[in-house]
Amino acid sequence: MSHQSLMHPICEFLQWDSDFFSLRIGKAIPNRVDLDTMSQIKNWCKNESIDCLYFLSDADDPVTTHLLLHHQFDLVDTRMTLERDLIILPPFEPSTTLRLAHEEDIPQLKQIAKHSYHHTRYYFDGRFPVERCDDLYATWIERSCQGYADAVWVATEDSGAVQGFITCSIHEMQGEIGLLGVASKYSGRGIGHQLVMRALSWLQEKGVKSVKVVTQGRNIPAQRLYQRTGFLSHSLRHWYHYWQVK
Ligand SMILES: CC(C)(COP(=O)(O)OP(=O)(O)OC[C@H]1O[C@@H](n2cnc3c(N)ncnc32)[C@H](O)[C@@H]1OP(=O)(O)O)[C@@H](O)C(=O)NCCC(=O)NCCS
(Lines give C-alpha, C1' and ligand atoms only; values in the text may rest on other atoms or scores of the structure.)
Protein backbone atom coordinates (compact mmCIF):
# COMPACT_ATOMS: atom_id res chain seq x y z
CA MET A 1 0.00 0.00 0.00
CA SER A 2 1.40 3.41 -0.96
CA HIS A 3 1.96 6.27 1.49
CA GLN A 4 -0.72 8.21 -0.37
CA SER A 5 -3.38 5.51 0.05
CA LEU A 6 -2.58 5.20 3.76
CA MET A 7 -3.16 8.94 4.15
CA HIS A 8 -6.37 8.97 2.09
CA PRO A 9 -7.90 5.50 1.99
CA ILE A 10 -10.08 5.01 -1.06
CA CYS A 11 -12.52 2.63 0.70
CA GLU A 12 -13.37 1.52 4.23
CA PHE A 13 -14.16 -1.94 5.49
CA LEU A 14 -17.58 -2.07 7.21
CA GLN A 15 -17.16 -4.44 10.13
CA TRP A 16 -20.71 -4.16 11.45
CA ASP A 17 -22.36 -4.77 8.05
CA SER A 18 -19.90 -7.59 7.30
CA ASP A 19 -20.66 -9.37 10.58
CA PHE A 20 -24.39 -8.82 10.16
CA PHE A 21 -24.63 -10.28 6.64
CA SER A 22 -21.74 -12.76 7.03
CA LEU A 23 -20.09 -11.20 3.98
CA ARG A 24 -17.10 -8.94 3.42
CA ILE A 25 -18.63 -5.49 2.87
CA GLY A 26 -16.92 -2.18 2.21
CA LYS A 27 -17.82 1.36 1.24
CA ALA A 28 -16.07 3.68 -1.19
CA ILE A 29 -15.11 7.02 0.37
CA PRO A 30 -15.37 9.31 -2.71
CA ASN A 31 -18.70 10.20 -4.28
CA ARG A 32 -17.20 10.65 -7.76
CA VAL A 33 -14.78 8.57 -9.78
CA ASP A 34 -12.44 8.95 -12.72
CA LEU A 35 -10.48 6.15 -14.39
CA ASP A 36 -7.72 6.30 -11.79
CA THR A 37 -9.98 6.22 -8.70
CA MET A 38 -12.04 3.42 -10.26
CA SER A 39 -8.95 1.28 -10.66
CA GLN A 40 -7.87 2.07 -7.06
CA ILE A 41 -11.34 1.05 -5.82
CA LYS A 42 -11.30 -2.23 -7.74
CA ASN A 43 -7.79 -3.04 -6.52
CA TRP A 44 -8.87 -2.36 -2.95
CA CYS A 45 -11.85 -4.72 -3.39
CA LYS A 46 -9.56 -7.42 -4.76
CA ASN A 47 -6.94 -7.02 -2.02
CA GLU A 48 -9.58 -7.04 0.73
CA SER A 49 -11.57 -9.94 -0.82
CA ILE A 50 -14.69 -7.79 -0.74
CA ASP A 51 -18.02 -9.40 -1.62
CA CYS A 52 -20.08 -6.21 -1.84
CA LEU A 53 -18.93 -2.60 -2.05
CA TYR A 54 -21.36 0.28 -1.43
CA PHE A 55 -20.84 3.42 -3.52
CA LEU A 56 -22.82 6.62 -2.85
CA SER A 57 -22.59 8.66 -6.01
CA ASP A 58 -23.20 12.31 -6.78
CA ALA A 59 -26.05 12.40 -9.27
CA ASP A 60 -24.74 15.26 -11.40
CA ASP A 61 -21.48 13.83 -12.74
CA PRO A 62 -21.89 11.97 -16.07
CA VAL A 63 -18.31 10.60 -15.94
CA THR A 64 -19.01 8.89 -12.61
CA THR A 65 -22.33 7.47 -13.84
CA HIS A 66 -20.79 6.07 -17.03
CA LEU A 67 -17.82 4.54 -15.23
CA LEU A 68 -19.99 2.89 -12.59
CA LEU A 69 -22.19 1.40 -15.27
CA HIS A 70 -19.22 0.24 -17.32
CA HIS A 71 -17.66 -1.45 -14.27
CA GLN A 72 -20.79 -3.42 -13.33
CA PHE A 73 -21.83 -1.32 -10.35
CA ASP A 74 -25.59 -1.90 -9.90
CA LEU A 75 -27.84 1.07 -9.23
CA VAL A 76 -29.87 0.01 -6.16
CA ASP A 77 -31.35 3.22 -4.75
CA THR A 78 -31.92 6.89 -5.36
CA ARG A 79 -31.19 8.47 -1.99
CA MET A 80 -33.36 11.53 -1.47
CA THR A 81 -32.75 13.94 1.37
CA LEU A 82 -35.56 16.30 2.29
CA GLU A 83 -35.40 19.20 4.71
CA ARG A 84 -37.80 21.35 6.67
CA ASP A 85 -37.18 24.41 8.79
CA LEU A 86 -38.77 24.46 12.23
CA ILE A 87 -39.40 28.18 12.53
CA ILE A 88 -43.19 27.91 12.36
CA LEU A 89 -45.18 24.70 12.74
CA PRO A 90 -48.92 24.53 12.03
CA PRO A 91 -51.17 23.79 15.02
CA PHE A 92 -51.74 20.06 15.37
CA GLU A 93 -54.30 18.12 17.44
CA PRO A 94 -53.38 14.42 17.59
CA SER A 95 -56.31 12.01 17.33
CA THR A 96 -54.29 9.04 18.59
CA THR A 97 -52.03 8.58 21.63
CA LEU A 98 -48.46 9.70 20.95
CA ARG A 99 -45.82 8.97 23.59
CA LEU A 100 -42.16 8.14 23.97
CA ALA A 101 -41.36 4.45 23.47
CA HIS A 102 -40.90 2.13 26.46
CA GLU A 103 -38.63 -0.88 26.59
CA GLU A 104 -41.74 -3.14 26.58
CA ASP A 105 -42.74 -1.73 23.16
CA ILE A 106 -39.61 -3.13 21.50
CA PRO A 107 -41.09 -6.50 20.36
CA GLN A 108 -44.01 -4.72 18.65
CA LEU A 109 -41.71 -2.12 17.10
CA LYS A 110 -39.45 -4.84 15.72
CA GLN A 111 -42.44 -6.60 14.20
CA ILE A 112 -43.48 -3.39 12.37
CA ALA A 113 -39.91 -2.64 11.27
CA LYS A 114 -39.47 -6.14 9.82
CA HIS A 115 -42.25 -5.53 7.31
CA SER A 116 -41.80 -1.83 6.50
CA TYR A 117 -38.65 -1.24 4.49
CA HIS A 118 -39.03 -3.17 1.25
CA HIS A 119 -38.26 0.02 -0.70
CA THR A 120 -34.66 0.06 0.55
CA ARG A 121 -31.50 -0.90 -1.30
CA TYR A 122 -30.86 -4.06 0.73
CA TYR A 123 -34.08 -5.67 -0.51
CA PHE A 124 -33.85 -4.14 -4.01
CA ASP A 125 -30.37 -5.55 -4.51
CA GLY A 126 -31.78 -9.09 -4.42
CA ARG A 127 -28.52 -10.66 -3.16
CA PHE A 128 -28.98 -10.08 0.57
CA PRO A 129 -31.21 -12.75 2.18
CA VAL A 130 -34.66 -11.23 2.77
CA GLU A 131 -34.82 -12.49 6.39
CA ARG A 132 -31.51 -10.73 7.12
CA CYS A 133 -32.90 -7.50 5.61
CA ASP A 134 -35.96 -7.86 7.87
CA ASP A 135 -33.63 -8.40 10.84
CA LEU A 136 -31.55 -5.35 9.87
CA TYR A 137 -34.49 -3.01 10.39
CA ALA A 138 -35.68 -4.87 13.50
CA THR A 139 -32.17 -4.41 14.94
CA TRP A 140 -32.13 -0.74 13.90
CA ILE A 141 -35.36 0.11 15.74
CA GLU A 142 -34.25 -1.86 18.80
CA ARG A 143 -30.93 0.00 18.91
CA SER A 144 -32.76 3.28 18.37
CA CYS A 145 -34.77 2.58 21.52
CA GLN A 146 -31.55 1.74 23.38
CA GLY A 147 -29.93 5.12 22.76
CA TYR A 148 -28.92 5.15 19.08
CA ALA A 149 -31.71 7.72 18.55
CA ASP A 150 -32.34 10.66 20.89
CA ALA A 151 -36.09 10.00 20.95
CA VAL A 152 -38.44 7.32 19.68
CA TRP A 153 -42.10 8.33 19.56
CA VAL A 154 -44.86 5.76 19.20
CA ALA A 155 -48.53 6.01 18.24
CA THR A 156 -50.75 3.62 20.18
CA GLU A 157 -54.35 2.48 20.31
CA ASP A 158 -56.30 2.74 23.60
CA SER A 159 -55.60 -1.00 24.02
CA GLY A 160 -51.88 -0.20 24.03
CA ALA A 161 -51.23 -1.76 20.61
CA VAL A 162 -48.47 0.12 18.82
CA GLN A 163 -49.59 1.55 15.47
CA GLY A 164 -46.30 3.11 14.36
CA PHE A 165 -43.09 4.83 15.39
CA ILE A 166 -40.68 7.59 14.47
CA THR A 167 -37.07 8.07 15.60
CA CYS A 168 -35.39 11.47 15.96
CA SER A 169 -31.84 12.57 16.62
CA ILE A 170 -29.99 15.84 17.00
CA HIS A 171 -26.41 16.29 15.73
CA GLU A 172 -24.85 19.71 16.24
CA MET A 173 -28.33 21.26 16.40
CA GLN A 174 -29.38 19.64 13.12
CA GLY A 175 -32.48 17.49 13.54
CA GLU A 176 -32.78 14.12 11.81
CA ILE A 177 -35.64 11.72 11.35
CA GLY A 178 -34.20 8.20 11.18
CA LEU A 179 -36.87 5.51 10.92
CA LEU A 180 -40.59 6.01 10.42
CA GLY A 181 -42.96 3.09 10.16
CA VAL A 182 -46.70 2.47 10.46
CA ALA A 183 -48.10 -1.07 10.69
CA SER A 184 -49.93 -1.82 7.42
CA LYS A 185 -53.26 -2.43 9.17
CA TYR A 186 -53.22 1.21 10.38
CA SER A 187 -52.03 2.86 7.13
CA GLY A 188 -53.98 5.68 5.49
CA ARG A 189 -55.46 6.91 8.79
CA GLY A 190 -53.13 9.83 9.37
CA ILE A 191 -50.88 8.01 11.87
CA GLY A 192 -47.74 8.73 9.80
CA HIS A 193 -48.71 12.39 9.58
CA GLN A 194 -49.21 12.65 13.34
CA LEU A 195 -45.91 10.93 14.10
CA VAL A 196 -44.04 13.33 11.81
CA MET A 197 -45.77 16.33 13.40
CA ARG A 198 -44.91 15.03 16.89
CA ALA A 199 -41.27 14.59 15.89
CA LEU A 200 -41.17 18.11 14.44
CA SER A 201 -42.58 19.69 17.59
CA TRP A 202 -40.20 17.68 19.81
CA LEU A 203 -37.24 18.88 17.74
CA GLN A 204 -38.54 22.45 17.83
CA GLU A 205 -38.89 22.23 21.65
CA LYS A 206 -35.19 21.23 21.76
CA GLY A 207 -34.25 24.42 19.94
CA VAL A 208 -33.46 22.75 16.62
CA LYS A 209 -33.92 25.03 13.62
CA SER A 210 -34.13 22.49 10.79
CA VAL A 211 -34.65 18.78 10.25
CA LYS A 212 -33.57 16.39 7.51
CA VAL A 213 -34.89 13.01 6.49
CA VAL A 214 -33.57 10.51 3.96
CA THR A 215 -35.86 8.35 1.88
CA GLN A 216 -35.80 6.43 -1.37
CA GLY A 217 -36.66 7.89 -4.76
CA ARG A 218 -39.02 4.95 -5.26
CA ASN A 219 -40.80 5.52 -1.93
CA ILE A 220 -43.64 7.72 -3.14
CA PRO A 221 -45.90 7.28 -0.03
CA ALA A 222 -43.09 8.53 2.23
CA GLN A 223 -42.29 11.46 -0.07
CA ARG A 224 -45.94 12.50 -0.17
CA LEU A 225 -46.10 12.38 3.62
CA TYR A 226 -42.98 14.52 4.00
CA GLN A 227 -44.22 16.96 1.35
CA ARG A 228 -47.57 17.28 3.15
CA THR A 229 -45.74 18.07 6.37
CA GLY A 230 -43.69 20.85 4.78
CA PHE A 231 -40.44 19.18 3.69
CA LEU A 232 -38.64 20.29 0.52
CA SER A 233 -36.07 18.44 -1.58
CA HIS A 234 -32.54 19.04 -0.26
CA SER A 235 -30.22 16.71 -2.22
CA LEU A 236 -30.11 13.54 -4.24
CA ARG A 237 -27.50 10.83 -4.60
CA HIS A 238 -27.44 7.31 -5.98
CA TRP A 239 -26.48 4.12 -4.16
CA TYR A 240 -24.62 1.49 -6.17
CA HIS A 241 -23.57 -2.00 -5.10
CA TYR A 242 -20.57 -3.68 -6.69
CA TRP A 243 -20.46 -7.44 -6.17
CA GLN A 244 -17.04 -8.90 -6.77
CA VAL A 245 -16.98 -12.25 -8.50
CA LYS A 246 -14.35 -14.28 -6.64
C1 LIG B 1 -44.99 6.05 4.66
C2 LIG B 1 -45.85 5.68 5.87
C3 LIG B 1 -45.11 6.01 7.17
C4 LIG B 1 -47.17 6.45 5.81
O5 LIG B 1 -47.91 6.16 7.00
P6 LIG B 1 -49.50 6.37 7.05
O7 LIG B 1 -49.91 6.32 8.46
O8 LIG B 1 -50.16 5.47 6.09
O9 LIG B 1 -49.61 7.89 6.52
P10 LIG B 1 -50.88 8.83 6.53
O11 LIG B 1 -52.09 8.02 6.87
O12 LIG B 1 -50.58 10.00 7.38
O13 LIG B 1 -50.92 9.28 5.02
C14 LIG B 1 -51.11 8.30 3.99
C15 LIG B 1 -52.26 8.70 3.09
O16 LIG B 1 -53.48 8.57 3.78
C17 LIG B 1 -54.20 9.79 3.70
N18 LIG B 1 -54.95 9.95 4.95
C19 LIG B 1 -54.49 10.40 6.12
N20 LIG B 1 -55.47 10.41 7.04
C21 LIG B 1 -56.56 9.94 6.43
C22 LIG B 1 -57.88 9.69 6.87
N23 LIG B 1 -58.27 9.92 8.12
N24 LIG B 1 -58.75 9.18 5.97
C25 LIG B 1 -58.37 8.91 4.70
N26 LIG B 1 -57.12 9.12 4.23
C27 LIG B 1 -56.24 9.62 5.10
C28 LIG B 1 -53.15 10.84 3.53
O29 LIG B 1 -53.66 12.02 2.96
C30 LIG B 1 -52.19 10.13 2.62
O31 LIG B 1 -52.65 10.18 1.30
P32 LIG B 1 -51.71 10.04 0.01
O33 LIG B 1 -51.49 8.58 -0.17
O34 LIG B 1 -52.55 10.62 -1.08
O35 LIG B 1 -50.44 10.79 0.25
C36 LIG B 1 -46.21 4.16 5.85
O37 LIG B 1 -46.77 3.83 4.60
C38 LIG B 1 -45.02 3.24 6.11
O39 LIG B 1 -44.77 2.86 7.24
N40 LIG B 1 -44.33 2.86 5.04
C41 LIG B 1 -43.20 1.95 5.14
C42 LIG B 1 -42.01 2.57 5.85
C43 LIG B 1 -41.52 3.84 5.19
O44 LIG B 1 -41.55 3.94 3.97
N45 LIG B 1 -41.11 4.79 6.00
C46 LIG B 1 -40.65 6.10 5.53
C47 LIG B 1 -39.28 6.11 5.04
S48 LIG B 1 -38.09 5.92 6.34
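Reading the values: rules and limits
Residues numbered from 1 in each chain as written. Predicted model: local features only at pLDDT ≥ 70, side-chain atom pairs only at ≥ 80, totals over all residues. Heavy atoms only, no water. Core = buried A, V, L, I, M, F, W, Y, C linked by side-chain atoms within 4.5 Å. Buried < 20%, exposed > 50% of the residue type's maximum accessible area, 1.4 Å probe, protein only. Helix = DSSP H or I, 4+ residues; strand = E, 2+ residues; numbered from the N terminus. Domains from an automatic or database assignment. Contact = heavy atoms within 4.5 Å. Buried area = accessible area lost by both parts, 1.4 Å probe. Salt bridge = Lys/Arg side-chain N within 4 Å of Asp/Glu carboxyl O. Polar contact = N/O pair within 3.5 Å; in protein donor to acceptor, adjacent residues only side chain to side chain.

**Student:** Before we move on, can you summarise the nonpolar core with the specific residues and values?
**Tutor:** Of all hydrophobic cores here, the largest spans 55 residues; its most connected members are Tyr54, Phe128, Phe165, Tyr226 and Phe231. A total of 8 residues in this core trace back to one element, the largest contributor, which is helix H8 (residues 191–205). Two domains each put at least three residues into this core: domain 1 (3–71) and domain 2 (84–236). Excluding residues within four positions of it along the chain, phenylalanine 165 makes contact with Leu109, Ile112, Ala113, Tyr117, Ile141, Val152, Trp153, Val154, Leu179, Leu180, Gly181 and Leu195. One finds Ile10, Val33, Ile41 and Ile50 within the second-largest nonpolar core, a separate group that totals 16 residues.

**Student:** Lay out the domain arrangement of the protein chain with the relevant residues and their values.
**Tutor:** Segmentation of the protein chain into domains returns domain 1 (3–71) and domain 2 (84–236). Between the C-alpha centres of domain 1 and domain 2 the distance comes to 30 Å. Across the boundary between the two partners, domain 1 contributes 9 residues, which contact 10 residues of domain 2. Between domain 1 and domain 2, a total of about 860 Å² is buried, with carbon and sulfur atoms accounting for 71% of that surface. Three residues, Trp16, Phe20 and Phe21, lead the burial of domain 1 against domain 2; their summed loss comes to 64% of the area buried on that side. If you look at where domain 1 meets domain 2, you find 0 salt bridges. In this structure, the connection of domain 1 to domain 2 is made through 1 residue pair in polar contact (both at pLDDT 80 or more). Those elements that provide at least two residues to the side of domain 1 that touches domain 2 are helix H2 (15–21) and strand S3 (52–58).

**Student:** Explain the pattern of salt bridges residue by residue, including any values.
**Tutor:** Applying the stated rule across the entire model yields 13 salt bridges. The partner of arginine 32 in a salt bridge is aspartate 60, and the shortest N-O contact between them spans 2.7 Å. Placement of arginine 32 in the loop between strand S2 (25–28) and helix H3 (35–47) and of aspartate 60 in the loop between S3 and helix H4 (62–70) is noted, with a sequence separation of 28 residues between them. Overall, the relative accessible area of 58% leaves aspartate 60 in the exposed class. For glutamate 142, the salt bridge identified is with lysine 110, shortest N-O distance 3.3 Å. Note that glutamate 142 is positioned in helix H7 (residues 130–148) and lysine 110 in helix H5 (residues 106–114), a separation of 32 residues in sequence. The exposure class assigned to lysine 110 is partly exposed, which follows from its relative accessible area of 25%.

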